[in-house]
Number of protein chains: 2
Amino acid sequence: MLSQRAADRTWGGTTLTDRKAARRLRLLEAGVDLLGAPEGPALSVRAVCRHAKLTERYFYESFPDRDELVLAVYEHVAAAARQALVDAVRSSPPDPPALARAAVTAFVELMVDDPRRGRVLLLAPLTDPALSSRGMALLPAFAALIREQLPEDESETDREMTAIGLVGALTHLFSAYLDGTLTVDRDQLVDHCVRLLTRA
Amino acid sequence: MLSQRAADRTWGGTTLTDRKAARRLRLLEAGVDLLGAPEGPALSVRAVCRHAKLTERYFYESFPDRDELVLAVYEHVAAAARQALVDAVRSSPPDPPALARAAVTAFVELMVDDPRRGRVLLLAPLTDPALSSRGMALLPAFAALIREQLPEDESETDREMTAIGLVGALTHLFSAYLDGTLTVDRDQLVDHCVRLLTRA
DNA sequence: AATAACTGACTACGGCCGTTGTCAGATTAG
DNA sequence: CTAATCTGACAACGGCCGTAGTCAGTTATT
């Protein structure tokens, strides 16, 4: 038999690449736990390893340094959110108000279903330098997306300001809803956000 | 002569209480520097002492621990902002639009005149646990103040959401203006904010 | 001159951080 | 069986943190 490469050797029933991928995923999930903790984002290498029940050596097997994990966790959650939004928009009537409602409900449900993700998306970039330093926050991109949708009878700077203000209003409302400051029905929140989006 | 109390003895030309107060003020100012740093709030006891050219012993002479300094710095800046707002409102015609404009311009000028203060008020509470844990952020109070001003033909929850969204929009706009993300004239920013406030 | 208070520079403790390395034991391949 | 590889537990480095203490030297009072 040909000498198989180390990556394909079986150990404990699985191959090395499988185990490595599983460990990476465990680290990612632990990262979501810590970066989306209710008490605020606090992700350290040791803490994430304790949480994932892995050793630091396996951390550096999957990520070159701490900040790369933070970025990967954020991108992990952002990808899920993007997918949820795409799905919601695809299965929705194409008129703008219905689209806005579909998108908002999808996002709110994602946050309610797993508040960690909401906190990672909304709160972590404000706190963690690894996210705020890069343009890694999605909010500017979201603001640009809104700006394109605005009516053209206003000046460019006015549209930029309304877009930024709108993003601020939505994120602030979502954050307040997440941490319990805003006690209100899920549907009321969705209604209000849709109204903000469609009237702007 | 009666033996004067230690606090009133003169040393280096000033009394103990004077020197102590001066040191406290120097620590406060250094705290504003660090808590309002452009790279993000990073206030440690050693750093603030280095900055104020004092020893750690004098830190604990004026503040029981690190968090108390953070709170004091925030309150220091908040008091100045309150004063600026009160002055602006006092010397303004009493109709609501003029009041809104006066308040917004006062706040924007305070931020432009000393961006550290703007960052302390807007950014530090999001980052530093000593501020976010307590209700020490002024934003909820500001939201409540706005809520009372809203028309009464809407439901209570609607007014609460409008107020929270409005605060989010304003803070987001101010933050973007502070860090250069939003490149726009000061007057344009003021106009936009006043429009948001008076049309809500 | 002697006593007391104040000041500045410095050290020390325990803890967490990111990162790297070591070492005994388990599991597989040849 | 032997050798190679994978695993887990742990130590170590330098650094910053909050907090407390020491000690020589300067300045005022008596």
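Keep in mind that what you see is a predicted model, and the values were worked out from it rather than measured. (Residues numbered from 1 in each chain as written. Chains lettered and ligands numbered in written order. Predicted model: local features only at pLDDT ≥ 70, side-chain atom pairs only at ≥ 80, totals over all residues. Heavy atoms only, no water.)

Caption draft 1: Geometry of the protein's contact with DNA strand D. The immediate surroundings of DNA strand D are formed by 25 residues, with Arg19, Arg23 and Arg57 of chain A together with Val45 and Arg46 of chain B found nearest. A distance of 3.4 Å separates a sugar or linking oxygen of DNA strand D from a polar atom in the backbone of Thr10 of chain B. Contact distances for DNA strand D include 2.9 Å between a phosphate oxygen and a side-chain N or O atom of Ser44 of chain B. When residues of the surface near DNA strand D are traced back to their parent elements, those giving at least two are helix H1 (16–35) and helix H3 (56–62) of chain A together with strand S1 (10–11), helix H2 (45–52) and helix H3 (56–62) of chain B. Considered class by class, the residues forming the surface near DNA strand D number eight nonpolar, six polar and eleven charged. (Near = heavy atom within 4 Å. Polar contact = N/O pair within 3.5 Å; in protein donor to acceptor, adjacent residues only side chain to side chain. Helix = DSSP H or I, 4+ residues; strand = E, 2+ residues; numbered from the N terminus. Nonpolar A, V, L, I, M, F, W, Y, C, P; charged D, E, K, R; others polar.)

Caption draft 2: How the structure looks around the protein's contact with DNA strand C. Around DNA strand C there are 25 residues in total, and Val45 and Arg46 of chain A together with Arg19, Arg23 and Arg57 of chain B lie nearest to it. For DNA strand C, the backbone portion of the atoms within 4 Å of the protein, that is sugar and phosphate, comes to 64%. Between DNA strand C and Arg46 of chain A, the relevant distance is 2.7 Å, taken from a base nitrogen to a side-chain nitrogen or oxygen of the residue. In this structure, Arg19 of chain B approaches DNA strand C through a side-chain N or O atom, which is 2.8 Å from a phosphate oxygen.

Caption draft 3: Representation of the UniProt feature "DNA-binding region" (unreviewed entry) in chain A in the model. In the numbering used here, UniProt assigns the "DNA-binding region" (unreviewed entry) feature to residues 44–63 of chain A. Here residues 44–63 of chain A runs as 75% helix and 0% strand, with 13 Å between its end C-alpha atoms. (UniProt positions renumbered as here; feature names shortened; annotations may be inferred.)

Caption draft 4: A look at helix H11 (residues 186–199) of chain A. An ideal rise of 1.5 Å per residue puts 20 Å on 14 residues; H11 of chain A measures up with 20 Å between its terminal C-alpha atoms. For H11 of chain A, the full list of buried residues reads Leu189, Val190, His192, Cys193 and Val194 of chain A. On the buried face of H11 of chain A, the contacting elements are helix H5 (96–113) and helix H10 (156–178) of chain A together with helix H10 (156–178) of chain B. (Expected span 1.5 Å × (residues − 1). Buried < 20%, exposed > 50% of the residue type's maximum accessible area, 1.4 Å probe, protein only. Contact = heavy atoms within 4.5 Å.)

Caption draft 5: Geometry of the relation of the copies chain A and chain B. Once turned by 180° and shifted 0.0 Å along the axis, chain A lies on chain B with an RMSD of 0.1 Å. Given the turn and translation reported, the copies of this chain are related as if by a two-fold rotation axis. When the interface residues of chain A are mapped onto chain B, 100% of them again fall at the interface, so both copies present the same face. (Least-squares fit on C-alpha atoms with pLDDT ≥ 70 in both.)

Caption draft 6: Inspection of the environment of Ala6 of chain A at higher detail. All names here are of chain A. By secondary structure assignment, the location of Ala6 is in the segment before strand S1 (10–11). Given a relative accessible area of 55%, Ala6 falls into the exposed group. In sequence terms Ala6 and Arg23 are 17 residues apart; their C-alpha atoms lie 17 Å from each other.

Caption draft 7: Main features of the state of the cysteines. For the structure shown, the criterion picks out zero disulfides over all chains. The structure places no disulfide on Cys193 of chain A, whose sulfur is separated from the nearest cysteine sulfur, that of Cys193 of chain B, by 20 Å. Among the residues examined, Cys193 of chain A registers a relative accessible area of 0% and is labelled buried. (Disulfide = S-S within 2.5 Å.)

Caption draft 8: Seen up close, the interface of chain A and chain B. Each side of the interface is counted separately: chain A has 23 residues, and chain B has 23 residues. Taking both partners together, chain A and chain B bury about 1900 Å²; carbon and sulfur atoms supply 68% of that area. Where chain A meets chain B, there are two salt bridges. The partner of Arg195 of chain A in a salt bridge is Asp158 of chain B, and the shortest N-O contact between them spans 3.6 Å. (Buried area = accessible area lost by both parts, 1.4 Å probe. Salt bridge = Lys/Arg side-chain N within 4 Å of Asp/Glu carboxyl O.)

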